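Spelled out from the first residue to the last, the chains are:
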Amino acid sequence: MSPLTQKSQDLGQAPGYAPGRTLPLRVEILRQFKRRRTLVMFGLLLALPWLLVVAFQLGPQRGDQGSLRLSDLATQGGLNFAAFALSVSASFLLVVAVALFCGDTVASEASWSSLRYLLAAPVPRSRLLRQKLIVALGYSAAAVTVLPLMALLAGTLAFGWHDIRVPGTGELIPAADVLPKFAVVIGYALVSQLVVASLAFLLSVGTDSPLGAVGGAVGLVIVSSILQAVEALGSLREFLPTFWNAAWLDALAPQPDYSGMIKGVAVSVTYSVILIALAFRRFRRKDVVS
Amino acid sequence: MRLPDGRRPLAALVALVLLGAGVLAWALWPSPPPVRGQDVAIPVMDGPAGDQRVTLDAAFFPPASGGAAPAVLLAHGFGGSKEDMRSSAARLAERGYAVLTWSARGFGRSTGQIALNSPDYEVKDVRQLVDWLAKRPEVRLDATGDPRVGVAGGSYGGAIALMTAAYDGRIDAIVPQITWHDLADALFPDATGQGPLNGVFKKMWAGIFFGSGGGAFASGRGLPEIAAADPGAGGGARVPTAEQVRCGRFLPEICDMYQEVAETGRATQAAIDLLRRSSPISVPGKIKIPTLLIQGQRDSLFPLSHADANARAIAATGAPVEVAWLSGGHDGGDGEPDWVFDRTAGWFDRWLKGDGEPGGAAEAGAFTVSRDGGRDPGTRQRVLVHTVADRYPGLSGTDPATVTISGPDQPVANPPGGSPPSISSVPGFGGLLGGLGGSVSAALDMPGQAAVFESAPLTAPLQVTGGPTVRIRVYGEGEATLFAKLYDSSGGAPAVLPSGLVAPLRVTATEAGTPVTVTLPAIDRRFDAEHRLRVVVSTTDLAYATPAAPAVYRIGLDSPDLTLPRDTALAAPRTGPAWWVWALPLAAVTVAAALLLAGRAGTQARARDGRRTDLAEVPLVISGLGKRYRNGEKAVDGLSFRVDKGQVLGLLGPNGAGKTTTMRMLMGLILPDEGEIRIFGDRVVPGAPVLSRLGSFVEGPGFLPHLTGRANLEFYWRATGRPAQDAHLEEALEIAGLGAALDRAVRTYSQGMRQRLAIAQAMLGLPDLLVLDEPANGLDPPQIAEMRKVLRAYAEHGRTVIVSSHLLAEVEQTCSHVVVMHRGRLVSAGPVGDLLGAARAANGSGPRLEDVFLDLIGESR
């Protein structure tokens, strides 16, 4: 034992220990993946498009050609269906999913008391947060991506591969043109959920109640969506974290308008960077008592 | 300590909500009470001879700024009254204008009869209102009897603005909105340019126009009862007279004229003369003052061509003219009242007050067109953008495009009785049928009644601004009444008739075909690529009077060229990406960096404290350690002791003695307020590398409940990042003694099983210093005995063990040394034997640690 100990006296650490090797991403992914709530959430996200397909198939067929709402156009084809699925889930289901993955990650370790053993291992605090944030964002990204992709698959199998019909004007855009835009849409949906993710993460660092962190982040989204409906607030609304969440619809228009999405990215990044910095600052000096 | 910490995010959330509520309250806080108008009755004399006495019901709003301010006359629309103008008047008064609004003769509570803005009646009335203003001390005067005054109003009120400006040189600026240039042309339009005598009767709009003025048409706009308002006409009788139901409050000669033309559907020269007396067309060159013309795109009553004619007439005098095309109009749609108000007030600011320099922010440009601006990203409601050009080019645009249309000569039938008619717009109900922005169209053509000519799909989008022209030929015999319209036809969706506008024409058909050039309604519309332009010529239209006699004509194209005016200068105001799109994230990154760096300075200063090489072989040295609870009470106070290699140290103390707090500080979980802890000479800070030589089990086990016992230990070891062979996993698992249960999820374990697994986890990697907090909890006696052996054996290899316990016997049997704590302070430290020996010397009885302990902490037995 002593030769090894001697060799490692430099940093005073145990043999083989290096701060940069602690809590590898692979380990954290596996630790989170086997959790029931992870599996249930992904199961739900994967099943939802099929549920919608069944709902559209069972519901009374409406041959209303004049109606050009997104919901009425959902059966036009796989792309229309995927856009519909994203629009109905982005405002709440995906918010909950993202809040769950990011809000639960540190708080649940605290509630299981495993957090103190990780910190005493020791996993340096900033590294623990970094690894957990990366994995939580990875799961969130997977959640946001998997739903439209599954909807694309389900919609294509159920309604065929057709050009996309734009809500409102009823114009057709060739599927090949829209596919890259669809990637932009999913990317934007990811970025716009960053605020929820970072707020949930900040709350997660501050509490040992996972539900509190998830609920707090979802609560903020609800408050923000209520405020953005108040037109009297005028341009102040542009700085609400959820204001631009539906701006991705502009990318599917015949003349895509990215200005709203750019603003949305700016607002989202602004909030997220500050919230995440706060999370790191807070956790670095925090007394871990749970 | 724990509760306030957990509540902090909640507090932050509450703060956020409060902030939101505050912003909301600020935005919704009622503004100061609006300026109150004074109701006044102003007697005027009018009529051709100036001998008819009329009392105008008016309201005067003094300027909020006080002093003598420019005046504004606000005129209401047809069928309305001064009540409609109250809110606008109050807002203008707040902006520093003396505002007078009144009910025109024949409307509201004013007496007299409707003369359609005749120079003999309404114009004379308004001139006397200007006289009245000139006598008010609140009104700024240009000269004695000549106030600084502007006139604004919509529709009927817009026409009186124009007419007054023509007849009264004292008016300084006007803003006529959605109004006419030639009332005869508005009611009898002809798209071939042959004038109202040849025009097609716009029967539905005319009916609404004259009906609402008659009072019989209950418009719901708060028209007071005729009898109460006009004692001269009815003498207070509740039952209207025959004359009243025939003509309402119209002047008899106007009533007679309308009854005649409505019956025949053809204009007479007398009717045209009468209508033109009330129209700016009759006063060319007389309007020489700055004029802002605001006209509606969705307006089949007074289409854009009327504003165009007014603009040309006024601009010919050299007076400044600006033109704006609203999204809405008489057919509904978005009337943009706020924007209209701002533009109107801005116009008066510029020309009455003299501030607001031309081309400044207050000025939008000589030509403004409201276009669809997509959707508001927050509410997903459609929004408008105002595109602007420096020059108003007229209806033929700056840069016409030509698109080729084609189609064979097609027979069209005029159905007997003109029914069923095609539908373009339904006057008076446009707001119900048409969607905002005109993207939805209620247009309908009857089969057999319409000839269709279509272009190839457009290769590029085409923005049309103005009145397109097309040349057609009409074959047949007799006089044909036709309606030409330009559709936007896309592949799937029904074709759209922009703004629901049609161009009516009356043409004498010949067997050889009569060529006519048709000017289609002026529009502003973007025809997208892949869309087709479709010209339709039909024989009927719901809104117009059409002949009852059945007939068949043939319609063909005289020229395949469809000329489409454009105005390429029109552009949305350059907003560019908002400055904050870049500034906000940059600021956020700066703030974030500051947050992180400011926090780091503290920890790094601590970590840089040098290593004490003289203590490199000493497992643990605690000196002067102190930690306060949040409430200021000390949990640990001035604690100092030292643990040497090979010791099994018992940390003894009653509940609340500070044992667990000390152990947490030992693990780097909480930061000491004072003093320090050194493990092998290295100071303990959160995440200090030396902690890797520490194995710990403090305050209960911590496992991921969904993983098996084995997976928990494996993942824990992998989380330390150390080589797998250093873990000595099998030895640790042996100590845990869980057997087959190792491969079950931890959530199924009993308390004792978790305890054993946690001790095994602490021993992973055989750490040089092992810290166990109440290890015997939940173990049965044989396991406790086994545990003792394990711990003593562990220390024999030169390693060190610290055990905290409240079980005195446990410490006595397991430990070589003991530290006794009470209320956060060190009470005693030393080998267990010394402590017992000292106790024996004191009272001479059996050496029991319990007695010693109670002595030490000062409790009586």
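Model, not experiment: these values are computed from the prediction. (Residues numbered from 1 in each chain as written. Chains lettered and ligands numbered in written order. Predicted model: local features only at pLDDT ≥ 70, side-chain atom pairs only at ≥ 80, totals over all residues. Heavy atoms only, no water.)

### A word on the overall build of chain A
To keep it simple, the criterion reads: A run of H or I in DSSP becomes a helix once it reaches four residues, and a run of E becomes a strand once it reaches two; helices and strands are each numbered from the N terminus. Exposure categories follow from relative accessible area, calculated using a 1.4 Å probe and restricted to protein chains: below 20% of the type maximum is buried, above 50% is exposed, and the middle band is partly exposed. Any two residues having at least one pair of non-hydrogen atoms within 4.5 Å are treated as being in contact.
In terms of regular secondary structure, chain A is built from eleven helices and two strands. Going from the N terminus to the C terminus, chain A shows its helices and strands as α-α-α-α-α-α-α-β-β-α-α-α-α. Taken across its 290 residues, chain A has 57% of its residues classed as buried. Here the analysis covers contacts within chain A between residues at least 6 apart in sequence; of these, 78% occur between residues at least 24 apart.

### Side note on the overall build of chain B
The cut-off we apply is this: For the area figures, the Shrake-Rupley method with a 1.4 Å probe applies, and any residue is considered shielded solely by the protein chains shown.
On a plain count of helices and strands, chain B comes out with 23 helices and 33 strands. Looking at chain B as a whole, 56% of its 861 residues qualify as buried. For chain B, long-range pairs separated by at least 24 residues make up 75% of all intrachain contacts whose partners lie at least 6 apart in sequence. Surface summary for chain B: the accessible area is close to 34700 Å², and the carbon and sulfur share equals 55%.

### Some thoughts on the interface of chain A and chain B
Note the threshold: What gets called buried area is simply the loss in accessible area from a 1.4 Å probe that two parts show on being joined, summed for both. Salt bridges are identified by distance alone: a Lys or Arg side-chain nitrogen within 4 Å of an Asp or Glu carboxyl oxygen.
Listed as interface residues are 83 residues of chain A and, on the opposing side, 85 residues of chain B. For the chain A and chain B pair, buried surface summed over both sides reaches about 7400 Å², with 61% attributable to carbon and sulfur atoms. When the buried area of chain A at its contact with chain B is split by residue, A:Tyr117, A:Arg284 and A:Arg285 rank highest and sum to 10% of it. Taken together, chain A and chain B are joined by one salt bridge. With its nearest N and O atoms 2.6 Å apart, the salt bridge here joins B:Lys627 to A:Asp287.

### A closer look at the confidence of the model for chain A
Residue and element names in this part refer to chain A. The condition is simple: Per-residue confidence from the predictor is reported as pLDDT, a score between 0 and 100.
Overall, the predicted model of chain A reaches an average pLDDT of 86, with 91% of residues at or above 70. Within chain A, the lowest mean pLDDT, 42, falls on helix H1 (residues 2–7), and the highest, 94, falls on helix H9 (residues 194–206). For the stretch residues 1–9, pLDDT sits under 50, and the model shows eleven contacts to residues farther than four places along the chain or on other chains.

### Focus: the state of the cysteines
Residue and element names in this part refer to chain B. Put simply, the test is: Count a disulfide wherever a pair of cysteine sulfur atoms falls within 2.5 Å.
All chains considered together, the criterion is met by one disulfide over all chains. Here cysteine 247 pairs with cysteine 255 through a disulfide, and the sulfurs are 1.7 Å apart. Here cysteine 247 and cysteine 255 share a disulfide; its torsion about the S-S bond, -80°, makes the bridge left-handed. Of the two residues, cysteine 247 and cysteine 255, both sit in the buried class.

### Some words on the pattern of salt bridges
Residue and element names in this part refer to chain B. Summed over all chains, the structure comprises 51 salt bridges over all chains. With its nearest N and O atoms 2.8 Å apart, the salt bridge here joins aspartate 182 to arginine 276. With aspartate 182 in the loop between strand E8 (171–177) and helix H5 (183–187) and arginine 276 in helix H11 (residues 269–277), this residue pair connects regions lying 94 residues apart in the sequence. Classification of aspartate 182 as buried rests on a relative accessible area of 3%. Between arginine 350 and glutamate 322 there is a salt bridge, and its shortest N-O distance comes to 3.2 Å. Taken together, the residues span a long stretch of sequence, with arginine 350 in helix H13 (residues 337–353) and glutamate 322 in strand E10 (residues 321–326) at a distance of 28 residues.

### Overview of the UniProt feature "transmembrane region" (unreviewed entry) in chain B
The condition is simple: UniProt positions are given in the numbering used here, feature names are shortened, and annotations may be inferred rather than shown by experiment.
Using the residue numbers shown here, the UniProt feature "transmembrane region" (unreviewed entry) corresponds to residues 579–598 of chain B. What you have in residues 579–598 of chain B is 100% helix and 0% strand, and the ends, taken at the C-alpha atoms, are 28 Å apart.

### A few points about the UniProt feature "transmembrane region" (unreviewed entry) in chain A
All names here are of chain A. With numbering matched to this structure, UniProt assigns "transmembrane region" (unreviewed entry) to residues 39–59, 79–102, 133–162, 182–203, 210–230 and 258–280. Across residues 39–59, helical content stands at 95% and strand content at 0%; the span's end C-alpha atoms are separated by 30 Å. Helix makes up 90% of residues 210–230 and strand 0%, and the two end C-alpha atoms of the span are 31 Å apart.

### Some points on the side chain of B:Arg678
All names here are of chain B. Counted only if it meets this: Any N or O atom pair separated by 3.5 Å or less is treated as a polar contact, with the protein-specific requirement of one donor-capable and one acceptor-capable atom, and with residues adjacent in sequence counted only for side-chain atom pairs.
Looking at the element boundaries, arginine 678 is found in strand E27 (residues 674–679). Classification of arginine 678 as buried rests on a relative accessible area of 6%. Among the polar contacts made by the side chain of arginine 678, one reaches the side chain of glutamate 676 at a distance of 2.7 Å. A polar side-chain atom of arginine 678 sits 3.0 Å from the main-chain carbonyl oxygen of glycine 681.

### Details of the nonpolar core
Our working rule: Take the buried residues of types Ala, Val, Leu, Ile, Met, Phe, Trp, Tyr and Cys, join any two whose side-chain atoms come within 4.5 Å, and each joined set is a nonpolar core. Delimitation of the domains relies on an automatic or database domain assignment.
Grouped together as the largest cluster of nonpolar side chains are 174 residues, with contacts concentrated most on B:Leu620, B:Phe641 and B:Ile679. Looking at this core element by element, the count peaks at 13 residues for helix H7 (residues 125–159) of chain A. Taken domain by domain, this core gets at least three of its residues from each of domain 4 (577–608) and domain 5 (613–857) of chain B. Residues B:Leu162, B:Ala186, B:Met257 and B:Ala389 belong to the second largest nonpolar core, which totals 82 residues.

### Topic: the packing of aromatic side chains
All names here are of chain B. So the rule is basically this: Stacked, tilted and edge-to-face pairs are distinguished by plane angle, under 30 degrees for stacked and over 60 for edge-to-face with tilted covering the rest, among Phe, Tyr and Trp rings (Trp via its six-membered ring) whose centres lie within 6.5 Å. Geometrically, a lysine NZ or arginine CZ counts as sitting over a ring once it is within 6 Å of the ring centre and also within 35 degrees of the ring normal.
Applying the stated criterion across every chain, the model contains 22 aromatic pairs over all chains. Ring geometry for phenylalanine 367 and tyrosine 392: centres 5.0 Å apart, planes at 70°, overall edge-to-face. With phenylalanine 367 in strand E11 (residues 367–375) and tyrosine 392 in the loop between strand E12 (382–389) and strand E13 (401–406), this pair connects stretches of sequence that are 25 residues apart. Given the relative accessible area of 1%, phenylalanine 367 is considered buried. Owing to a relative accessible area of 15%, tyrosine 392 belongs among the buried residues under this scheme. Taken together, the ring pairs in this structure connect Phe78, Phe107, Tyr156, Trp180, Phe250 and Phe302 into an aromatic cluster. Its guanidinium or amino end placed over the ring of tyrosine 97, lysine 353 lies 4.5 Å from that ring's centre, counting from NZ or CZ.

### Section: the pairing of E13(B)
All names here are of chain B. Keep this limit in mind: Paired strands, in this sense, are two strands between which DSSP finds at least two bridges.
Taking every second residue as pointing to the same face, the buried face of E13 carries Ala401, Val403 and Ile405, while none of Thr402, Thr404 and Ser406 on the other face is buried. In this structure, E13 lies alongside strand E23 (residues 551–564), joined through four bridges in antiparallel fashion. Bridged to threonine 404 within E23 is aspartate 561. Pairing between E13 and strand E15 (residues 450–455): two bridges, direction antiparallel.

### Describing the sheet that holds strand E24 (residues 620–628) of chain B
All names here are of chain B. Let me state the cut-off plainly: Axis definition: a line fit to C-alpha positions, over the contact stretch in the case of helices; interaxial angles, taken between N-to-C directions, run 0 to 180 degrees.
Here we have four strands laid out as an open sheet, ordered E25-E24-E27-E28, and antiparallel in their pairing. Here the strands that pair on one side only, and so sit at the sheet edges, are strand E25 (634–643) and strand E28 (682–683). With two bridges joining them, E27 and E28 adopt antiparallel strand pairing. Paired with arginine 678 across the two strands is arginine 683, which belongs to E28. Packing against the sheet, helix H16 (residues 659–666) makes contact with E24, E25 and E27, and its axis sits at approximately 115° to E24.

### Re helix H12 (residues 304–315) of chain B
Note the threshold: By definition here, a helix of n residues has an expected span of 1.5 Å times n minus one.
For H12(B), which comprises twelve residues, the first-to-last C-alpha distance of 16 Å matches the rise-based estimate of 16 Å (1.5 Å per residue) to within 8%. The complete set of buried residues in H12(B) reads B:Leu304, B:His306, B:Ala307, B:Asp308, B:Ala309, B:Asn310, B:Ala311 and B:Ile314.

### Here's the deal with the sheet that holds strand E26 (residues 648–652) of chain B
All names here are of chain B. Taken in spatial order, the six strands of this open sheet run E29-E30-E31-E26-E32-E33, and their pairing is mixed. Since the sheet does not close on itself, it has two edges, and those belong to strand E29 (694–697) and strand E33 (825–831), each with one partner. Between one strand axis and the next, the sheet turns by 15° as a mean value, whatever way the strands run. With six bridges connecting them, strand E32 (residues 817–822) and E33 associate as antiparallel partners. The residue bridging histidine 817 from the neighbouring strand is proline 831, located in E33. Against the sheet, H16 touches E26, E29, strand E30 (769–773), strand E31 (800–805) and E32, its axis set at about 145° to E30. Each of E29 and E30 is contacted by helix H19 (residues 751–763), which is oriented at about 170° to E29, the strand it contacts most.

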